[in-house]
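Listed below, chain by chain, are the residues.
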Amino acid sequence: MMGRLRAAGSALYEAACQTHAARLAIMAARLRRETPLVAILIAAILLFCLHLGWATGRSVHAVLSPASPTGIGATLAGLVVGLAVIELAAAFAITLMTAGLQLAYDTGRHCMLALLVVASAFALLGLGWRLWETSPAAIAGAVLPALGAAGLVVLTLWFERAYLRPAYPGFRDFWVDVVDARHFLMRSAHGE
């Protein structure tokens, strides 16, 4: 009996490790020593995915609660929808990372810096527009966009220092990092 329970627990653990959200967590954990900023950004993406799943699951539960006398059906529906949204958001994030690495490989470091600067400018303009239009009581809703814009600006500044300034102590070879990141992402996608 204990052998079957262990086998079932092991199978559940392996299934959980094969999810995209778990792969994001594994990537963040493995990258924390080599490139801590990238690990922090991947962890922030994972937290955003978890927030999306939690908010969606809570909304589904709130909508279905009046129709469920015991609340079990609404809770199960909210849980299933929340987990599905977490997995879809994490899969989308990994797809975006793969596309970004392919774009970096195809265009080079100067074009990538230009794209990061443009994206940072648009993020800051969008954040400014949102803060301008919201009331002081609704500023709490702008926390995630503010964190996202700040993360993009920090990534742009780090990219500029790490890849375009040879005098910087942490100067890195762009092409080697892109190829290593693509291999790392492919291994992570296959659960290695």
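Structure's up top.
Residues numbered from 1 in each chain as written. Predicted model: local features only at pLDDT ≥ 70, side-chain atom pairs only at ≥ 80, totals over all residues. Heavy atoms only, no water.

**Comments concerning helix H3 (residues 36-64)**
Turning to step 1, where the next piece is worked out: Taking 1.5 Å of rise per residue, 29 residues should cover 42 Å, and H3 covers 42 Å from first to last C-alpha, within 8% of that figure.
Turning to step 2, where the next piece is worked out: For H3, the complete set of buried residues consists of Leu37, Ala39, Ile42, Leu46, Cys49, Gly53, Gly57 and Val60. (Helix = DSSP H or I, 4+ residues; strand = E, 2+ residues; numbered from the N terminus. Expected span 1.5 Å × (residues − 1). Buried < 20%, exposed > 50% of the residue type's maximum accessible area, 1.4 Å probe, protein only.)

**Observations regarding the environment of alanine 104**
Turning to step 1, where the next piece is worked out: On the secondary structure map, alanine 104 appears in helix H4 (residues 72-107).
Turning to step 2, where the next piece is worked out: Separated by 75 residues in the primary sequence, alanine 104 and valine 179 place their C-alpha atoms 9.8 Å from one another.
Turning to step 3, where the next piece is worked out: Residue contacts for alanine 104: discarding those within four places in its chain leaves Met112, Phe174, Trp175 and Val178. (Contact = heavy atoms within 4.5 Å.)

**Re a nonpolar patch on the surface**
Turning to step 1, where the next piece is worked out: Taken together, the side chains of Phe48, Leu52, Val143, Leu144 and Leu147 present a nonpolar region at the surface, about 420 Å² in accessible area.
Turning to step 2, where the next piece is worked out: Within the residue set of the nonpolar patch, elements represented by two or more residues are H3 and helix H6 (143-164).
Turning to step 3, where the next piece is worked out: Looking at where leucine 52 falls in the secondary structure, it is placed in helix H3. (Patch = residues over 30% accessible without salt bridge, like charges linked within 9 Å, V, L, I, M, F, W, Y side chains within 5 Å. Areas by Shrake-Rupley, 256 points an atom, 1.4 Å probe, with all protein chains shown as cover. Salt bridge = Lys/Arg side-chain N within 4 Å of Asp/Glu carboxyl O.)

**Side note on the layout of surface pockets**
Turning to step 1, where the next piece is worked out: The space that makes up the largest pocket amounts to roughly 1,800 Å³.
Turning to step 2, where the next piece is worked out: Leu41, Ile42, Ile45, Met97 and Leu155 are the residues nearest the centre of the largest pocket, which is lined by 48 residues in total.
Turning to step 3, where the next piece is worked out: Sorting the residues of the lining of the largest pocket by element identifies helix H2 (20-31), H3, H4, helix H5 (109-133), H6 and helix H7 (174-189) as the ones contributing at least two each.
Turning to step 4, where the next piece is worked out: Each residue belonging to the lining of the largest pocket can be placed in one class, and the counts come to 39 nonpolar, 5 polar and 4 charged. (1 Å grid on protein atoms, 1.4 Å probe; cavity = no way out; pocket = protein on both sides within 12 Å on 5 of 7 lines; lining within 4 Å. Points joined across faces, edges and corners; volume = space filled by probe spheres on them. Nonpolar A, V, L, I, M, F, W, Y, C, P; charged D, E, K, R; others polar.)

**Looking at the side chain of threonine 156**
Turning to step 1, where the next piece is worked out: Note that threonine 156 resides in helix H6.
Turning to step 2, where the next piece is worked out: If we ignore the near neighbours within four places in the chain, the residues touching threonine 156 are Leu113, Leu116, Val117 and Ser120.

Everything listed here is a matter of geometry and, on its own, says nothing about what the molecule does.
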